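If you want the building blocks of each chain, they are given just below.
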Amino acid sequence: MENTSDALCGRWKLFGLTAGLSAILLVFSLAFGLQAADEDAKSAVPAGLGKVSHPKDNLPTAEKISLGKQLYWDKRLSKDNTIACVSCHDPKKGWSNGEQFATGVDGQKGGRNSPTVLNTAYGQFQFWDGREPSLEAQAKGPIQNPIEMAITEKAVVEKLNKIEGYKQQFQKVFKTDVTFDNMAKAIAAYERTVLAGNSPFDRYKAGDKKALSEAAERGRYVFFNKALCSACHAGPNFTDNGFHNVGIGMDKKEYDVGRFAVQKLGGNRGAFKTPTLRDIGRSAPYMHDGSLKTLEEVVEHYVGGGIDNPFLSEDIFPLKLTAEEKKDLVTFLKEGLKSGDYPMHEAPKLPE
Ligand code: HEC
Ligand code: HEC
């Protein structure tokens with residue numbers, strides 16, 4: 001009898017130990033599983049790009065990114081349910097909108113071209129004049145802008161809180177109902193997944209000398225040497241994150257002062273942020289005022305040395321390029337910087 005009870009007791013102990021161990025293992029594997037998913041969200045960076053850094057208070061998770069994607073595509077974030085972020089930053093149009101200017105609610109037009117959202121994850125400044133530092137801060141702008149989405153913070157938060165599917169997701173991701181801050185965080189986390197890289201140029205740089213066509217390779221040489229476009233379009237994202245006056249729109253009496261509105265230094269007059277050139281073939285028209293329709297026109301602009309003005313960058317001057325060099329340069333921009341795995345996102349299912 002005693003033996004049995006001892007044996008039983010031993011078995012129970014063993015069972016307890018096994019159950020305990022499995023529970024610990026389960027918890028561990030769940031934790032690591034989730035962490036692995038988050039790691040994937042963090043480290044899925046196309047070849048040629050640097051690591052994406054995330055604000056400490058807005059680390060990405062798969063669920064947060066999915067929520068941000070829904071918000072990005074949802075027209076209910078505008079006053080009259082007609083405009084979403086994607087209306088002006090559309091994957092099919094190079095994450096821009098294919099028009100000279102942005103068109104917001106009631107067909108209202110702004111005075112600036114929609115920049116691409118591609119690789120804004122790497123931007124130290126957002127907007128053409130760099131007036132916002134982070135994607136989180138940026139996302140709040142267009143929603144409230146009277147000629148873009150034209151809705152108040154209060155109204156959009158109220159509206160989204162009436163949508164059960166959003167309420168639940170915000171609870172899951174942020175442990176709150178819908179708030180304006182958390183909405184911006186989710187959108188920013190999604191934007192940080194919109195990356196362009198792994199282009200023929202990246203493969204060429206990594207040692208595959210056949211990755212660029214002969215014309216694109218000649219154009220690469222012009223870009224980095226004879227035309228020195230790389231004085232400003234530098235680094236993995238083809239931008240120095242700086243502001244320059246390259247002589248665009250400067251023939252207007254009331255020209256757009258650009259960076260000067262943010263930082264009142266003389267040299268900032270008519271200076272705009274150097275944009276990325278990745279997948280540039282997809283996002284015509286070009287420049288802050290959308291005034292150049294094609295990459296051929298852009299190259300002619302630089303060859304001519306830009307519109308002369310007292311604030312013109314020292315790095316902008318007439319270039320002596322042959323007709324073939326100009327063609328090759330365009331080929332490099334179009335083919336050489338085209339992503340191998342362009343993020344052609346599809347519209348997500350939106351919550352009811
Ligand atoms: C009506 C068109 C329109 C809508 C809607 C719109 N944007 Fe924009 N977006 C623009 C324009 C125009 C700019 C440039 C404005 C400027 O520089 O002053 C811009 C700038 C940006 C930038 C800065 C990019 C850079 O390189 O500086 C980001 C990021 C961005 N928008 C994301 C969003 C998000 C997220 C939403 C939705 C919450 C959104 N946009 C809605 C037109 C729009
Ligand atoms: C002095 C710095 C500088 C140099 C040099 C320079 N760029 Fe730019 N680039 C800029 C800035 C700043 C802008 C935005 C200007 C604006 O909108 O007013 C720009 C805009 C562009 C755009 C339009 C991008 C868009 O999304 O609208 C293209 C394309 C471009 N540059 C290609 C080139 C090429 C090709 C060269 C060499 C021939 C070159 N750049 C030389 C700073 C420079």
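So, how was this worked out
Residues numbered from 1 in each chain as written. Chains lettered and ligands numbered in written order. Predicted model: local features only at pLDDT ≥ 70, side-chain atom pairs only at ≥ 80, totals over all residues. Buried ≥ 20, exposed ≤ 12 C-beta atoms within 10 Å, placed from the backbone. Helix = DSSP H or I, 4+ residues; strand = E, 2+ residues; numbered from the N terminus. Arc of directions from axis to C-beta. Near = placed C-beta within 6 Å. Nonpolar A, V, L, I, M, F, W, Y, C, P; charged D, E, K, R; others polar. Expected span 1.5 Å × (residues − 1).

A. How the structure looks around helix H6 (residues 164-174). Of the residues making up H6, those classed as buried are Tyr-166, Gln-169 and Phe-170. What you see down the axis of H6 is that its buried residues fit within an arc of 100 degrees, all on one side. Facing away from the buried side of H6 by over 90 degrees, the exposed positions are Glu-164, Gln-168, Gln-171 and Lys-172. Once H6 ends, the next one or two residues include Lys-175, with phi positive near 60 degrees.

B. A look at the site of ligand 1. Around ligand 1, the structure places 29 residues, and the nearest of them are Cys-85, Cys-88, Ala-102, Trp-128 and Pro-142. Among the elements of the structure, helix H3 (85-88), helix H4 (135-144) and helix H7 (180-191) are those that each provide at least two residues to the shell around ligand 1. Of all the elements, H4 adds the most residues to the shell around ligand 1, at five residues. Among the residues forming the shell around ligand 1, the class breakdown is 15 nonpolar, 10 polar and four charged.

C. Molecular detail of the site of ligand 2. In the vicinity of ligand 2, 25 residues are found, and the nearest of them are Cys-229, Cys-232, Ile-248, Tyr-286 and His-288. When residues of the shell around ligand 2 are assigned to their parent elements, the largest contribution, four residues, is made by helix H10 (residues 295-303). Partitioning the shell around ligand 2 into residue classes produces 18 nonpolar, six polar and one charged.

D. Just helix H9 (residues 214-226), in detail. Here H9 contains 13 residues, and its C-alpha end-to-end distance of 17 Å stays within 8% of the 18 Å for a straight helix at 1.5 Å per residue. Considered for burial, the residues of H9 that qualify are Ala-216, Gly-219, Arg-220, Val-222 and Phe-223. The buried residues of H9 occupy one face: seen down the axis, they fall within an arc of 160 degrees. More than 90 degrees from the buried face of H9, the exposed residues found are Glu-214 and Asn-225.

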